[in-house]
Amino acid sequence: MDIKVPEVGESIYEGLLVKWHKRDGDMVHKDEPLCEIETDKITIELNAEVEGTLAIRAREGKIVKIGSVIAVIDESSAAKGAPAKPVEKGAPEARPAEPGGEAEPISPAARRMAREHGLKPEEIRGTGKGGRVTVEDLQARLREEKKQVETGKPEKEEAEVELKPVRLEAREPHKPEEEGRITRKAMTPIRKRIAERLLAARQQTAMLTTFNEADMSRVIALRQKHRDDFKKKHGVSLGFMSFFVKACVEALQEFPDVNARIDGDDIVYHNFYDIGIAIGGEKGLVVPVIRDADRLHFAEIEKSIDDFVEKVNTNKLTISDLEGGTFSITNGGVYGSLLGTPILNPPQSGILGMNAIQDRPVAVQGKVVVRPMMYIALTYDHRIIDGRGAVGFLKRIKELIEEPEEMLLEA
């Protein structure tokens, strides 16, 4: 049976074969994970659909086209009970042996210099890390040889002789990549896609950010009061994100421009509320979408977020999880950000940035008190949203968070 790269979306044509979970010649069983393939949007895991011996056709790190065959499972071996082909331990797959055996303990620049001057690195005592022969070691050997030619004696026999300056050829400047001082690594498809979208957001929108701050005292008090009962009843924890999702839905209903997008010369208003939640994964940031958030209760929102986090961590996220979205929320506070400027997620026209909660002195009814405060930010596309609407939207978020009982408490 051929193992092919599956179709995962209309705009995806290739992916990076990140990792094989099995080795060439291994016996695999049905539903066992075989490999991971990373596209520019998601990472997918391929499982064995039949039992048999695996023959790998594509190496790790190779770009593979959608529909291409990356491995074959020989089902006949499973039927006959044939043992898997022995594979050397630690080898992820069958591949040609590297020529030349172990690498010489010498840097690329030093190897080139030795070749140009006819030196033998194996005869030179290296002073670099792990006995590595460096350019300086070769230059020292050249100085020795030059002195021997000028004096006719080896250096060790003329310890009392005054050393004379030696003129050498112009020293070639250091090239960091040749000395191992930098590491060059190709961008993954997901990282390239993130870079493209961020650059497009900067170039194709008129981004502007407005800030405010919210007193989190009452939300924190509500969470503490209802935390245990909520967890017992719904099986999920009551987090801050569900409060902000509900607050955003309410504010979007009052400020529809923030929930709209530009399409050519038209403004498209969305009469539904699909809220994207930015989640940081091992390979980068993704924004899965909570559908019809206005129709969901707190527990349903929290369960959706938990499900997305699990999918991100296990590479189970699908294209349908990421498509659409009318507005996004990102929480830099989980990483310790005190104040940040979020960037738009096109074609959306607005994104809310949450930050860390910090006890700060604030003025309340003429008195200075310490309250748990959070800076909040709204980045918006100024082509469609005026400053007045953006400020009003963020102010409404602040009001709803500071007085959540009126609309956020549910049975």
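For clarity, every value in this text was computed on a predicted model and none was experimentally measured.

Colleague: Quick question: what am I supposed to make of the sheet that holds strand 6 (residues 52–56) here?
Modeller: In any sheet, the strands associate via hydrogen bonds between backbone groups, in a parallel or an antiparallel arrangement. The strand order across the open sheet formed by 4 strands is 1-8-6-3, and the pairing between neighbours is antiparallel. The open sheet terminates on both sides in strands that have one partner only, identified here as strand 1 (2–4) and strand 3 (27–28). Relative to strand 8 (residues 69–74), strand 6 runs antiparallel, the two being bridged by 4 bridges. Among the inter-strand pairings, Ala55 is bridged to a residue of strand 8, identified as Val72.

Colleague: Is there a simple way to think about the sheet that holds strand 7 (residues 63–65) in this case?
Modeller: With respect to topology, 4 strands assemble into an open sheet ordered 5-4-2-7, the strand pairing being antiparallel. Looking at which strands have only one partner, the edges of the open sheet turn out to be strand 5 (43–47) and strand 7. For this sheet the average axis-to-axis angle between neighbouring strands, irrespective of direction, equals 40 degrees. Here strand 2 (residues 14–20) runs beside strand 7; their pairing, made up of 3 bridges, is antiparallel. Bridge pairing in strand 7 places Gly15 opposite Val64.

Colleague: What's the story with the side chain of Ser242 in this structure? I'm lost.
Modeller: Structurally, Ser242 can be placed in helix 6 (residues 240–254). By relative accessible area, which is 0% here, Ser242 ends up buried. A polar contact of 2.6 Å, which involves the side chain of Ser242, links it to the side chain of Glu302. For Ser242, the residues in contact, after removing those within four places along its chain, are Phe298, Ile301 and Glu302.

Colleague: Just to check I follow, could you spell out the pattern of salt bridges for this structure?
Modeller: Side-chain pairing between opposite charges can occur once the charged atoms of the two side chains come close. Under the definition given, this model contains 17 salt bridges. Residue Glu32 is joined to Lys22 by a salt bridge in which the shortest nitrogen-to-oxygen separation is 3.2 Å. Pair noted here: Glu32 is in the loop between strand 3 and strand 4 (33–38) and Lys22 is in the loop between strand 2 and strand 3, with a separation of 10 residues, a long-range link. Judged by relative accessible area, which is 21%, Glu32 ranks as partly exposed.

Colleague: Is there a simple way to explain helix 4 (residues 189–204) in this structure?
Modeller: Given 3.6 residues per helical turn, the α-helix brings residues three or four places apart onto the same face. Taking 1.5 Å per residue, 16 residues should reach 22 Å; helix 4 reaches 22 Å between its end C-alpha atoms and fits that length. Buried residues along helix 4 sit against strand 2, strand 4, strand 5, strand 9 (207–215) and strand 14 (284–286).

Colleague: Can you help me understand a nonpolar patch on the surface in this one?
Modeller: Residues Phe211, Leu338 and Leu339 make up a contiguous nonpolar surface patch of about 260 Å² in total accessible area. Looking at where Leu339 falls in the secondary structure, it is placed in the loop between strand 16 (327–331) and strand 17 (350–354).

Colleague: How do you make sense of the nonpolar core when you look at a structure like this?
Modeller: Proteins that are soluble and globular tend to have nonpolar side chains buried together. By size, the foremost hydrophobic cluster in this structure holds 72 residues, and its most contacted members are Ile70, Phe327 and Ile329. Element by element, the count of residues in this core is highest for helix 6, at 9 residues. Leave out the neighbours within four places in its chain, and Ile329 touches Met241, Phe244, Val245, Cys248, Ile275, Gly276, Ile277, Ala278, Ile351, Leu352 and Met354. Residues Ala110, Met113, Val133 and Leu138 belong to the second largest nonpolar core, which totals 9 residues.

Colleague: Can you help me understand unusual backbone geometry in this one?
Modeller: Both trends apply: most residues other than glycine have a negative phi, and most peptide bonds are in trans. In this model, Pro346 is joined to Pro347 through a cis peptide bond whose omega is 5 degrees. In this model, Asp31 sits at a positive phi of 75 degrees, which is unusual for a non-glycine residue. Here Asp31 lies in the loop between strand 3 and strand 4. Its relative accessible area of 57% is what places Asp31 among the exposed residues. With phi around 55 degrees, Gln365 is a residue other than glycine that occupies positive phi space. For Gln365, the location among the structural elements is in the loop between strand 18 (357–364) and strand 19 (367–381).

Colleague: Before we go on, may I ask you to explain the environment of Val368 in this structure?
Modeller: In this structure, Val368 sits in strand 19. Apart from the residues within four sequence positions on either side, Val368 is in contact with Pro361, Val362 and Ala363.

Colleague: Where do I start with the packing of aromatic side chains in this structure?
Modeller: Two aromatic rings are characterised by how far apart their centres lie and by the angle between their planes. Throughout the structure, instances matching the rule amount to 3 aromatic pairs. Centroid distance Phe243 to Phe298: 5.1 Å. Interplanar angle 75 degrees. Geometry classified as edge-to-face. On the criterion of sequence distance, the pair formed by Phe243 in helix 6 and Phe298 in helix 7 (residues 298–313) is long-range, its members being 55 residues apart. For the pair shown, Phe243 and Phe298 are each scored as buried. Judged by centre distance (5.5 Å) and plane angle (55 degrees), the ring pair of Phe327 and Phe393 falls under tilted. Taken together, the positions of Phe327 in strand 16 and Phe393 in helix 9 (residues 387–402) put the pair 66 residues apart, joining distant regions of the chain. Judged by relative accessible area, Phe393 falls into the buried class, the value being 0%. Site record: aromatic cluster; members linked through ring pairs are Phe255, Phe327 and Phe393. When the ring centre of Phe240 is taken as reference, the NZ or CZ atom of Arg223 above it lies at 4.2 Å. The ring of Tyr375 carries Arg360 above its face, with NZ or CZ at 3.9 Å from the centroid.

Colleague: Explain the packing of helix 6 against helix 9 to me, please; I cannot follow it from the model alone.
Modeller: The axes of two packed helices give the description: the angle between them and the distance between them. Packing of helix 6 against helix 9 brings their axes to within 9 Å, and their N-to-C directions diverge by 135 degrees. When the interaxial angle is binned, helix 6 and helix 9 end up oblique. Considering how the two elements wind past one another, helix 6 and helix 9 form a crossing that is right-handed. Side by side, helix 6 and helix 9 meet where Phe243, Phe244, Ala247, Cys248, Glu250, Ala251, Leu252 and Glu254 of the first sit next to Phe393, Arg396, Ile397, Leu400 and Ile401 of the second. Taken together, the residues of the contact of helix 6 with helix 9 sort by class into 10 nonpolar, no polar and 3 charged.

So, how was this worked out
Residues numbered from 1 in each chain as written. Predicted model: local features only at pLDDT ≥ 70, side-chain atom pairs only at ≥ 80, totals over all residues. Heavy atoms only, no water. Pairing = 2+ DSSP bridges. Helix = DSSP H or I, 4+ residues; strand = E, 2+ residues; numbered from the N terminus. Axes fitted to C-alpha atoms, helices over the stretch in contact; angles between N-to-C directions. Buried < 20%, exposed > 50% of the residue type's maximum accessible area, 1.4 Å probe, protein only. Polar contact = N/O pair within 3.5 Å; in protein donor to acceptor, adjacent residues only side chain to side chain. Contact = heavy atoms within 4.5 Å. Salt bridge = Lys/Arg side-chain N within 4 Å of Asp/Glu carboxyl O. Expected span 1.5 Å × (residues − 1). Patch = residues over 30% accessible without salt bridge, like charges linked within 9 Å, V, L, I, M, F, W, Y side chains within 5 Å. Areas by Shrake-Rupley, 256 points an atom, 1.4 Å probe, with all protein chains shown as cover. Core = buried A, V, L, I, M, F, W, Y, C linked by side-chain atoms within 4.5 Å. Phe/Tyr/Trp six-rings, centres within 6.5 Å; stacked < 30°, edge-to-face > 60°. Lys NZ or Arg CZ within 6 Å of the ring centre and 35° of its normal. Parallel < 35°, antiparallel > 145°, perpendicular 65-115°, else oblique. Left-handed = near helix turned anticlockwise from the far one by under 90°. Nonpolar A, V, L, I, M, F, W, Y, C, P; charged D, E, K, R; others polar.

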